[in-house]
Amino acid sequence: MSDKDSSVVLPANEVVSNSIVARFDGEVNSDTREGYEGYIVNANMLPEVASVLKDELGYDYLSSVTGVDYIDEDHIEVVYHADQTTGGKGINIKVQLDRENPVVPTLVPIYPGADFQEREVFDMYGVHFDGHPNLRRILMWDGFHGYPLRKDWQEAYYEEDVKPFDSRWPGGDFKRSEADNPYGKNVNYPPGFDINNWAPETDDSLYESLQKTTSNGKSLHTDSIVVNIGPQHPSTHGVFRMVVALDGETITDLQPVMGYLHRNHEKIGERNTFLQNMPYTDRLDYLCSMSNNFGYALAVEKLMGVDVPERAQYIRVLMAELTRISNHMWAIGFLLNDLGAFQTPALYAIRARELILDVFEATAGSRMMCNYMRFGGLARDFPDKLRGEDTVQFITDLVENRLPKAIDELDHFLTENEIVRSRCIGVGVLPPEKAIAYSAGGPLLRASGVSYDLRTADSYGIYDRFDFDVCTRSNGDVYDRYLIRVDEMRESTRICQQVMRDIPGEGEIFSGKPQYNVRVPAGESYGRVENPKGELGYYVVSTGKTNPYRYHVRAPSFVNLTVLGELCKGHKVADAVVILGSIDIVLGEVDR
Amino acid sequence: MNNELSNPDIPVPSELQSAVTITSLDKIYNWGRRSSIWPMVFGLACCAIEMICTAASRFDIARFGMEVFRATPRQADLMIVSGTVTKKMVPQIVRLFNQMPEPKYVMAMGACASGGGPFKEGYNVVSGIDKFVPVDVYVPGCPPTPQALLHGLIKLQEKIDGQSLKSVRWYGQETSEAVPVPVLGPDLFDPRQHALLAQQAGQVKENSESVEE
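Being a predicted model, the structure only gives us computed values, none of them experimental.

### A word on the overall build of chain A
And then number 1: Looking only at helices and strands, chain A has 19 helices and 17 strands in total.
And then number 2: The C-alpha radius of gyration computed for chain A amounts to 24 Å, which stays within 12% of the reference 25 Å derived for 592 residues, consistent with globular compactness.
And then number 3: The principal-axis extent of the C-alpha atoms belonging to chain A is close to 70 × 70 × 65 Å.
And then number 4: Residue burial in chain A is summarised as follows: out of 592 residues, 62% are buried.
And then number 5: Sequence separation of at least 24 residues holds for 69% of the intrachain contacts in chain A that already meet a minimum separation of 6.
And then number 6: In the structure as shown, chain A presents an accessible area of about 22200 Å², 48% of it carried by carbon and sulfur atoms.
And then number 7: Here chain A holds 59 positive side-chain charges and 89 negative ones, and the gap between their average locations is 4 Å.

Set out below in C-alpha cells:
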C-alpha cells in the first residue's frame, strides 16, 4: 500500500483521498466509523471540496443529498453522493452539523441538481442551506409545525419508536388509532396553538418569486399572468402542480409544487423492520415495483453480505427488464395522451403492458405491488403454468415474439407521425452539460447524449454477463426522449431473451433460511439500480438492530423534475405539458 | 325497449311490446342514471393506474356505461378517490367534491382512501376520505384489481336502483350543504372542529400556567 509507484494508476478512492484529505489538511477526514466509508468535511469548506471533486476529480454528477439525525451523538449529518459520468464507484462526503442550529453552505451554484434535494433536507430536518436561491418547504406545506424526520419529532399516531408495536393489539383486539387522538383524526397541534389568533399561509410569496417578464423587451406588450396547472389536472400524471408565469402564451417561469402525495415513506420506513419496508418500496414508483424491490434488496444485501443464488439472479434481471418495458410502454402511451392523441396510443400500450402484468401476477401474486424480492433471493419461483401455458414457454414467447411485435407496432404508428414530429422535435431541448449539472437521470440524460447507465457504469446483479447496448440520442429534445424509450425497450427484450436462454432450469432461489426479522450489521449502504426513470438509490443506515436507523430513497422522478423549469422557459404553455410527459414522472416516487 | 324496465303486473299486448313499456318513474329515472355514471378524471396514486387499466380495452368499463371520464367535476357523477389522501391534497379534494353537481357519488378505492391503508400512521396522511366527504362504496385492496373496481361499480348501480325520487336529497326542500374546506395550518385543520380545537388549546394553556405557578 505505502510504496506505490506514481506511474501506476491508483484506485479511485486513493486518488481522492490523496488529493482532498492531503490538500484540506484537517478540514477533510476519512470516515472511520465501522461500516462507513467516504469523507467528513467541515461545513465551511464544503463548497471548496465540492469544486475540487467536480472540476479536478471528475465527480460531475451529484446523485443524492440527504440527511441523517444522529440524536445520540447530537449532530445532524448531511450526506452527499457524487459520481463520475464516465462510470465507476461513487464517492460520498458528509457534513456534521449542530442539531440546534444546523447551517451549511448550499451546493446549488456548483451542482444545480442539489436544488430540490437540499429543499427536502431543509423540509425534513430543518437544515438551513446558506445561499440557496429558494429555500422553502417542498414536500410539506409552508407553515407546517416541526421537522418530521428528526428522531425526536413524533407523528400524531405515534405509538412506539420501532415495530413491532406491542400496543397494536391490546388484549387481542385491534385498536383504532383514532380512538387515542383527541380530534379523532391523524392531527396534532403544537401546544398553545390558538386557532382564533391565526391566519393560514398564502401562496403570495411563491407567486411573487416568479420571473414575470421576458428579457428582450422587444415583443408586443402583454399582461403577465400566473396560471396554476394542477394539482388536479389530467395532464400532470397525478397530483402535481406547476405554477406558470405567462407572457401571452409564452412561459417566462415555471415552479413545480409537489408533496400532494407525500406519504411519509421515510418516517414509516424508520419505524418498520428491514423486511417490512419491502412492500413499501413497491409503492414508490408504482409502475416499476419489481425494480424498486431490486434496489432495496441490493442496499440491504450489501450490509448483510449475503449472496444471491444463480437462478434468483437471472429472475431478478428478467423482472427488472420486463418492468422497464412495461414502464416505457406506459410512458409513451401517456406522452401521446399529452400530445392530444387522447387514449388511442395509450390503449395499445396498456394492452402490451397487461401481458407483462400477467407474468408478475402469476409469479409474485399481484399485478402491481409485487413485493417479490428478499434479502438473499426471491420470495418464490415461477409457477408451472401461466394462462394455461407452460410458464417458461409463455415468457419465452413473450420476449421473443409478442413484445418485440408490440414495440414495432408503436414505432410504426408513432415515430414518423407528422404531428408527433412537429410537436416534439426541438421542444424542451436539454444540452448534455446541463443534463449532468442538474443531475438528470435515465432516459432524460441519455437522450441528451450522455452514455451513463448504472447497468454498465456501476454494474450490479449479473448485468455484466449480458450483451446489450446503452442507448443514446444526441438532440435531447422531447422527440429523442420518446425514441430512446423505444430503443431501450428493444435492448430490454434482448436482455430478456438472453436470460431465458441462459437461466439454469432448476436451483435455489433463496440463500439461507427465510425469516421475518433480519439483523443487519451496523453501517451505511447506498444501493442503487438503473430504474426505468433513472438512478434509484436507497441510502440505508443500520445500527445493528432489526430496524433501519435511516431509510432514504433517492427517487429519479423527483430529481429529474429539478430541470423542468429550465426546460419549459420560452416555450408555449401547451409544450409544458408535453415536456412534463417526456420526463415521465410518477408521483408516488416524486413525493414519497 | 329493455325488458328489465317493464312491469310484469301490467301486461302489454304482444304486438305493442316492441314499442311500449309500462314502468314506474323511479325505475326509468334510475335506469338512466345507473347506465351512464360518468366518473371524474381524478387519479391520486397507485390505484389510479388500476383505474386506467379498468378503463382500457381488457377490462373495458364501457360495458357499464362509465367510459366517459370527465376532466371537470361539474360534469361528473362519480368521484373515484383512487389513492392515498394526504393532508396537503385534501382541501382540493373537498373543493372538487363541492363543485360536483347533485346527484353525486363517492367511491373510496383501495385501502388508503378507505382508512389510510399502509400509510395510515404517516404524518401527512388522512385516515380515509370518509373523515371529510361521505362515501357510498368502499372497494378493498391495495390496489384493488380491475375486477374488484368493477364489482364496486356494480354495487353503486345497485345503490342507485334502490333510490326513489320521493326521498332523494337533491329534489328535497333543503339545499345540500357544501362540506367546509379544510385548512392547512401547523397541521391539517377541519373547520368543523373549530370549537374543539379552541377548547383543547385553552386546556394546554391552563395546564402550562398552573405548572408555572
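### Points about the nonpolar core
All names here are of chain A.
And then number 1: Among the nonpolar cores identified, the biggest contains 215 residues, and Tyr-80, Tyr-286, Leu-322 and Leu-564 are the most heavily contacted of them.
And then number 2: The biggest single contributor to this core is helix α8 (residues 310–339), with 16 residues.
And then number 3: The residues that make up this core include at least three from each of domain 1 (3–130) and domain 2 (265–591).

### Concerning the interface of chain A and chain B
And then number 1: If you look at the interface, chain A gives 65 residues, while chain B gives 54 residues.
And then number 2: Approximately 5500 Å² of surface area, both sides summed, lies buried where chain A meets chain B, with 63% of it carried by carbon and sulfur atoms.
And then number 3: The interface formed by chain A and chain B contains 7 salt bridges.
And then number 4: Put simply, A:Lys185 and B:Asp190 hold a salt bridge, and the shortest N to O gap is 2.6 Å.
And then number 5: The tally of links from chain A across to chain B stands at 29 residue pairs in polar contact (both at pLDDT 80 or more).
And then number 6: Secondary structure elements with two or more residues in the side of chain A that touches chain B: α5 (265–271), α8 and α9 (344–364) of chain A.
And then number 7: In terms of residue count, α9(A) provides more of the side of chain A that touches chain B than any other element does, 5 residues in total.

### A look at the confidence of the model for chain A
And then number 1: In the predicted model, chain A carries a mean pLDDT of 87, and 96% of its residues have values of at least 70.
And then number 2: Under a pLDDT of 50 for its full length, residues 1–7 of chain A has, in the predicted model, 4 contacts with residues more than four places off or in other chains.

### Examining the packing of aromatic side chains
And then number 1: This model, assessed by the stated rule, comprises 25 aromatic pairs over all chains.
And then number 2: Plain terms: the ring middles of A:Trp330 and A:Phe334 are 4.7 Å apart, the flat faces sit at 20 degrees to each other, and that makes the pair stacked. Here the residue A:Trp330 and the residue A:Phe334 both occupy positions in helix α8, the gap between them amounting to 4 residues, near one helical turn. For the pair A:Trp330 and A:Phe334, one class covers both residues: buried.
And then number 3: Taking the centre distance of 6.1 Å and the plane angle of 65 degrees together, the rings of A:Tyr463 and A:Phe468 count as edge-to-face.
And then number 4: Sitting above the plane of the A:Tyr549 ring, A:Lys151 keeps its charged end 4.3 Å from the centroid.
And then number 5: One residue, B:Lys88, lies across the ring of A:Tyr260, its end atom 5.2 Å from the ring centre.

### Side note on the domain arrangement of chain A
Residues and elements named next belong to chain A.
And then number 1: What the domain assignment lists for chain A is domain 1 (3–130) and domain 2 (265–591).
And then number 2: Summarising the inter-unit geometry, the C-alpha centres of domain 1 and domain 2 are found 28 Å apart.
And then number 3: Between domain 1 and domain 2, the residue contacts involve 35 residues of the former and 29 residues of the latter.
And then number 4: Summed over both sides, the interface between domain 1 and domain 2 buries roughly 2500 Å², with carbon and sulfur atoms accounting for 55% of that surface.
And then number 5: Ranking the residues of domain 1 by area buried against domain 2 places Tyr-61, Thr-85 and Phe-116 at the top, with a combined share of 24%.

### Quick word on the sheet that holds strand β17 (residues 548–554) of chain A
Sheets are built from strands that pair by backbone hydrogen bonding, the pairs being arranged parallel or antiparallel.
All names here are of chain A.
And then number 1: On the basis of which strands lie adjacent, the open sheet formed by 3 strands has the order β15-β16-β17 and antiparallel pairing. Among the strands making up the open sheet, the edge pair consists of β15 (523–531) and β17. In this sheet, adjacent strand axes meet at a mean angle of 15 degrees when their direction is disregarded.
And then number 2: Bridge count for β15 against strand β16 (residues 534–542) is 9 bridges, and the pairing is antiparallel. Note on β16: the bridge partner recorded for Asn-531 is Gly-534.
And then number 3: Against the sheet, helix α7 (residues 289–304) touches β15, β16 and β17, its axis set at about 150 degrees to β15.

### With respect to the environment of B:Gln157
All names here are of chain B.
And then number 1: When you line up the elements, Gln-157 lands in helix α5 (residues 146–161).
And then number 2: On a C-alpha basis, the gap between Gln-157 and Arg-34 in space is 5.3 Å, while along the polypeptide they are 123 residues apart.
And then number 3: When sequence neighbours within four positions are dropped, the list of residues in contact with Gln-157 reads Arg-34, Ile-37, Phe-64 and Met-66.

### Side note on unusual backbone geometry
And then number 1: The linkage connecting A:Lys163 with the following residue, A:Pro164, adopts the cis geometry, with an omega of -5 degrees.
And then number 2: Its place among the elements puts A:Pro164 in the loop between β7 (128–130) and α4 (204–208).
And then number 3: Of note, the bond from B:Glu102 into B:Pro103 is cis; its omega dihedral lies within 30 degrees of zero at -10 degrees.
And then number 4: Within the fold, B:Pro103 resides in the loop between α3 (90–99) and β2 (105–109).
And then number 5: Within the chain, A:Asp584 stands out as a residue other than glycine whose phi angle is a positive 65 degrees.

### Section: the pattern of salt bridges
Residues and elements named next belong to chain A.
And then number 1: Taken as a whole and judged by the stated rule, the model has 60 salt bridges over all chains.
And then number 2: Glu-488 is paired through a salt bridge with Arg-446; the nearest N and O atoms lie 2.7 Å apart. Of this pair, Glu-488 sits in helix α15 (residues 478–502) while Arg-446 sits in helix α13 (residues 443–446), and the two are 42 residues apart along the sequence. The burial state of Glu-488 is the same as that of Arg-446; both residues are buried.

### Some words on the pairing of β16(A)
All names here are of chain A.
And then number 1: Burial analysis of β16 places 9 of its 9 residues in the buried class, which makes it a mostly covered element.
And then number 2: Note: β16 against β17, 6 bridges, orientation antiparallel. By the bridge assignment, Ser-542 is partnered in β17 with Pro-548.
And then number 3: Where β16 folds back onto β17 in an antiparallel hairpin, the turn is made up of 5 residues, including Gly-544, whose phi is positive at roughly 90 degrees.

### Observations concerning the sheet that holds β2(B)
Residues and elements named next belong to chain B.
And then number 1: Sheet architecture is open: 3 strands sit in the order β1-β2-β3, paired in parallel fashion. Each edge of the open sheet is held by one strand with a lone partner, namely β1 (78–82) and β3 (137–139). With strand direction ignored, the average angle separating the axes of adjacent strands in the sheet is 20 degrees.
And then number 2: Of the strand pairs in this sheet, β1 and β2 are connected by 5 bridges, and their pairing is parallel. When the sheet's bridge partners are listed, Met-79 is paired in β2 with Val-106.

Reading guide: rules and limits
- Residue numbers restart at each chain and count upward from 1, following the sequence in its written direction.
- Following the order in which they are written, the chains are lettered starting with A and the ligands numbered starting with 1.
- Totals for whole chains, interfaces and linings use all residues, but because this is a predicted model, local features are given only for residues with pLDDT of at least 70 and pairs of side-chain atoms are given and counted only at 80 or more.
- Values shown for side chains rest on all heavy atoms present in the structure; no hydrogens or waters enter the calculation.
- Elements are defined by DSSP. Helices are runs of H or I of four residues or more, strands are runs of E of two residues or more, and each kind is numbered from the N terminus.
- As defined in this context, the radius of gyration uses C-alpha atoms, and a globule is described by 2.2 Å times the residue total to the power 0.38.
- Summary of the burial criterion: residues with accessible area below 20% of their type's maximum are buried, those above 50% are exposed, and those between are partly exposed, where the area comes from a 1.4 Å probe applied to protein chains only.
- What makes two residues a contact is simply this: any of their non-hydrogen atoms within 4.5 Å.
- The method behind every accessible area is Shrake-Rupley, applied with a 1.4 Å probe, and residues are considered shielded solely by the protein chains displayed.
- This count recognises Lys and Arg as positive and Asp and Glu as negative, with His and chain-terminal groups excluded.
- Where a charge lies is defined by one atom per residue type, namely NZ (Lys), CZ (Arg), CG (Asp) and CD (Glu).
- Buried Ala, Val, Leu, Ile, Met, Phe, Trp, Tyr and Cys residues form a nonpolar core when they are joined through side-chain atoms within 4.5 Å.
- An automatic or database domain assignment supplies the residue ranges for each domain.
- Note on definitions: buried area is the accessible-area loss of two parts on being combined, 1.4 Å probe, summed for both.
- A carboxyl oxygen of Asp or Glu within 4 Å of a side-chain nitrogen of Lys or Arg is what we treat as a salt bridge.
- Pairs of N or O atoms within 3.5 Å make up the polar contacts considered here, provided that, within protein, one atom can donate a hydrogen while the other can accept it, and that residues adjacent in sequence are counted only when both atoms are side-chain atoms.
- As a per-residue quantity, pLDDT reports the predictor's confidence and falls between 0 and 100.
- Within 6.5 Å between ring centres, the rings of Phe, Tyr and Trp (the latter by its six-membered ring) count as paired, and their orientation is classed by plane angle as stacked under 30 degrees, edge-to-face over 60, tilted in between.
- In this scheme, the term charge over a ring applies when either NZ of a lysine or CZ of an arginine sits within 6 Å of the ring centre and within 35 degrees of the ring normal.
- At least two DSSP bridges between two strands are required for those strands to pair.
- Helix axes are fitted to C-alpha atoms over the stretch in contact, other axes to C-alpha atoms as well, and angles between N-to-C directions run from 0 to 180 degrees.

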